[in-house]
Amino acid sequence: MSTDILFKPLKLGTLFLPNRIVMPALTRMRAGPAGVPTALNAKYYGQRASAGLNITEATAISVQGHGYPNMPGIHSPEQIAGWRLVTDAVHAEGGRFVLQIVHHGRWSHSSYNPDRGLPVAPSAIAAPGNIYTPTSQQVPFETPRALEISELPRIISDFQQAARNAREAGFDAIEIHGANGFLLDQFLQDGSNRRTDAYGGTIVNRARLLFEVIDGIADDIGSERVGVRLSPHGNLGGLSDSDTVPHFNYVIDELSKRRIAYMHLIEPRAASAGFGDDASIDSADNASLFRRRFDGPMITAGGYTPEMGVAAVEHGLADAVAFGRMFIANPDLPERIRIGAPLNAFDRSKSYGGDSRGYTDYPTLHLAAA
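Please read all numbers here as calculations on a predicted model, not as lab measurements.

Trainee: How do you make sense of the overall build of the chain when you look at a structure like this?
Mentor: The helix and strand tally for the chain stands at 12 helices and 15 strands. Here the C-alpha radius of gyration of the chain, 19 Å, is about what a compact globule of 370 residues would show, namely 21 Å. Across its three principal axes, the chain shows a C-alpha extent of roughly 60 × 45 × 40 Å. The burial tally for the chain puts 59% of its 370 residues in the buried class. Excluding contacts between residues fewer than 6 apart, the proportion of contacts in the chain whose partners are at least 24 apart in sequence is 70%. Carbon together with sulfur atoms contributes 52% to the accessible area of the chain, which is approximately 14,200 Å² in total. Of the charged side chains in the chain, 34 are positive and 39 negative, and the gap between their average positions amounts to 2 Å.

So this is what it looks like as structure tokens:
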């Protein structure tokens, strides 16, 4: 099988990609104290700079926006300085680097807030299951506090400040995380949004916060430096929607009008979308359903093999393909795909948290041959 199509250059906003192999956001839980990135993070991302595009793990826009141990932030001077170490490392290797920014919403816990305040959400509906506190204690999700309408400008402002901080830290662009059950996704889906004000009810209202965030950031740093991640049909964090396709048709139609750098769409078969490895082959195909509605570059993600990625690009279902676990285990993934080399196996047991093991010690082809 020829993989040449994955090595055709691609323009995403202000970015020029030498290949179409994307490293997506991957939760690794290895930031330093107070969410400050470290030299270990710089080594990890620098090792993977041959990706057409590198996207960071989800990074909190505020103290309130954190939701798991050792999660990085972009809301303090120390975090900005820590990320500068990482962006310098990626750029030194010739890479292009995007910061994914997020607010966890109800998928958080009062232990992350200095005042022990409850997590916030569109509505006071608890996520199912358990969450890890900052000390890695597993506890049930709390019932969140519904955000007052007067608080939403602060949420928007925090996203805008995070984007400005990202530019100060040296990132080429930002990706707004509107997927995977986090705050913006909680507003989008009617299973978690039961509001009766201007931010609830119709999909126009439920999408309002997402677009106010996008428009505010675009005004600050330019729409050509903004990507948006969405996960239609995803149920991570217990999310659900009553009429997914029509609702997301509206969201993506509106997103298309904004001429952003790219849309990043997650397939429901992806573990990060909530269905896990055992998703039915009959699961909805988001790329087929929504690609034609977005007039701009699209990245597709979700359990892709190189062969599936080639087919997606060849058939016009996407312009670039994100490979998650493969990039964790193979720092030099583009070269391995290009020459058809064997891939390192992904070690799930060392994926979340810890030290360099399972993080920066996966061998490259060069090291394996040495």
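Trainee: Whenever I open this one, empty space enclosed by the protein confuses me. Can you help?
Mentor: The rolling of a water-molecule-sized probe over the atoms marks out the regions of remaining empty space. Inspection of the entire model under this criterion finds one cavity of 30 Å³ or more. Computed from the structure, the largest cavity encloses a volume of approximately 40 Å³. Lining the largest cavity, in full, are Arg30, Ala31, Pro37, Asn41, Tyr45, Glu57, Pro72 and Trp83. Split into classes, the residues belonging to the lining of the largest cavity amount to five nonpolar, one polar and two charged.

Trainee: Would you mind showing me how to read the environment of alanine 312 here?
Mentor: Relative to the helices and strands, alanine 312 resides in helix α9 (residues 306–314). Separated by 11 residues in the primary sequence, alanine 312 and alanine 301 have C-alpha atoms spaced 11 Å apart. Not counting residues up to four positions away in its chain, the partners in contact with alanine 312 are Thr300, Tyr304, Leu317 and Ala318.

Trainee: How should I be thinking about the pattern of salt bridges in this particular structure?
Mentor: With the rule as written, the count across this model stands at 17 salt bridges. Across the salt bridge formed by arginine 84 and aspartate 88, the nearest N and O atoms sit 3.6 Å from each other. Of this pair, arginine 84 and aspartate 88 both sit in helix α2 (residues 77–92), four residues apart, which is roughly one turn of the helix. The salt bridge partner of aspartate 190 is arginine 206, with a shortest N-O separation of 4.0 Å.

Trainee: Explain the packing of helix α1 (residues 39–47) against α2 here, please?
Mentor: Think of two packed helices as two axes; the pair is described by the angle between the axes and how far apart they sit. It is at 8 Å that the axes of α1 and α2 come closest, and there the two elements cross at 25°. Classified by the angle their axes make, α1 and α2 are roughly parallel. The hand of the α1/α2 crossing is right-handed. For the pair α1 and α2, the contacting residues are Asn41, Ala42, Tyr45 and Gly46 in the first and Trp83, Leu85, Val86, Ala89 and Val90 in the second.

Trainee: Got a minute to help me understand the nonpolar core in this structure?
Mentor: Buried together is how nonpolar side chains tend to be arranged in soluble globular proteins. Ile174, Ile176, Ile217 and Leu230 are the most contacted members of the largest nonpolar core, which totals 75 residues. If we ignore the near neighbours within four places in the chain, the residues touching isoleucine 176 are Ile101, Phe159, Leu184, Leu210, Val213, Ile214, Ile217, Val226, Gly227, Val228 and Arg229. Core analysis: the second largest hydrophobic core is formed by 16 residues, Leu10, Val98, Ala320 and Ala322 among them.

Trainee: Can you walk me through α2 in this structure?
Mentor: Quick reminder: α-helices carry 3.6 residues per turn. Residues three or four places apart thus point the same way. The terminal C-alpha atoms of α2, which comprises 16 residues, lie 22 Å apart, in line with the 22 Å expected from a rise of 1.5 Å per residue. When α2 is considered as a whole, its buried residues turn out to be Gln79, Ile80, Gly82, Trp83, Val86, Thr87 and Val90. All buried residues of α2 project into a common sector of 160° when viewed along the axis, lining one side. Seen from the open side of α2, the exposed residues pointing more than 90 degrees away from its buried face are Pro77, Glu78 and Ala92. On its buried side, α2 packs onto α1, β4 (53–55), β5 (59–60), β6 (97–102) and α3 (152–168).

Trainee: Any chance you could explain the environment of valine 86 here in plain terms?
Mentor: Locating valine 86 in the fold gives a position in helix α2. Assessed through its relative accessible area of 0%, valine 86 is described here as buried. C-alpha of valine 86 to C-alpha of glycine 201: the two residues are 115 residues apart in sequence and 41 Å apart in space. Not counting residues up to four positions away in its chain, the partners in contact with valine 86 are Pro37, Thr38, Asn41, Ala42, Tyr45 and Phe97.

Trainee: Any chance you could explain the environment of valine 139 here in plain terms?
Mentor: The residue valine 139 is located in strand β9 (residues 138–140) in this model. Beyond its immediate chain neighbours, meaning those up to four positions away, valine 139 contacts His109, Asn130, Ile131 and Thr133.

Trainee: Where do I start with the confidence of the model for the chain in this structure?
Mentor: In low-pLDDT regions, the fine details of the predicted coordinates are not to be read closely. Averaged over every residue, the pLDDT of the chain is 94; the share at 70 or more is 95%. Across residues 273–282, confidence stays below pLDDT 50; counting only partners more than four residues off in sequence or on other chains, it has 20 contacts.

Trainee: For this particular structure, what's the right way to read the pairing of strand β13 (residues 262–266)?
Mentor: For a regular strand, the rule is simple: side chains alternate between the two faces of the sheet. Of all the five residues making up β13, five are buried; the element is thus mostly covered by neighbouring parts of the structure. Side chains of β13 alternate between two faces, with Tyr262, His264 and Ile266 and Met263 and Leu265 buried alike. Sheet topology places strand β12 (residues 226–230) next to β13; four bridges connect them, and they run parallel. Opposite valine 228, over in β13, you have methionine 263 as the bridge partner. The β-α-β motif built from β12, the intervening helix α7 (residues 244–257) and the parallel element β13 has right-handed crossover chirality.

What counts and what doesn't
Residues numbered from 1 in each chain as written. Predicted model: local features only at pLDDT ≥ 70, side-chain atom pairs only at ≥ 80, totals over all residues. Heavy atoms only, no water. Helix = DSSP H or I, 4+ residues; strand = E, 2+ residues; numbered from the N terminus. Rg over C-alpha atoms; globule rule 2.2 N^0.38 Å. Buried < 20%, exposed > 50% of the residue type's maximum accessible area, 1.4 Å probe, protein only. Contact = heavy atoms within 4.5 Å. Areas by Shrake-Rupley, 256 points an atom, 1.4 Å probe, with all protein chains shown as cover. Lys, Arg positive; Asp, Glu negative; His and termini not counted. Charge placed at Lys NZ, Arg CZ, Asp CG, Glu CD. 1 Å grid on protein atoms, 1.4 Å probe; cavity = no way out; pocket = protein on both sides within 12 Å on 5 of 7 lines; lining within 4 Å. Points joined across faces, edges and corners; volume = space filled by probe spheres on them. Nonpolar A, V, L, I, M, F, W, Y, C, P; charged D, E, K, R; others polar. Salt bridge = Lys/Arg side-chain N within 4 Å of Asp/Glu carboxyl O. Axes fitted to C-alpha atoms, helices over the stretch in contact; angles between N-to-C directions. Parallel < 35°, antiparallel > 145°, perpendicular 65-115°, else oblique. Left-handed = near helix turned anticlockwise from the far one by under 90°. Core = buried A, V, L, I, M, F, W, Y, C linked by side-chain atoms within 4.5 Å. Expected span 1.5 Å × (residues − 1). Arc of directions from axis to C-beta. pLDDT = per-residue confidence, 0-100. Pairing = 2+ DSSP bridges. Right-handed = clockwise from strand over helix to strand, strands pointing away.

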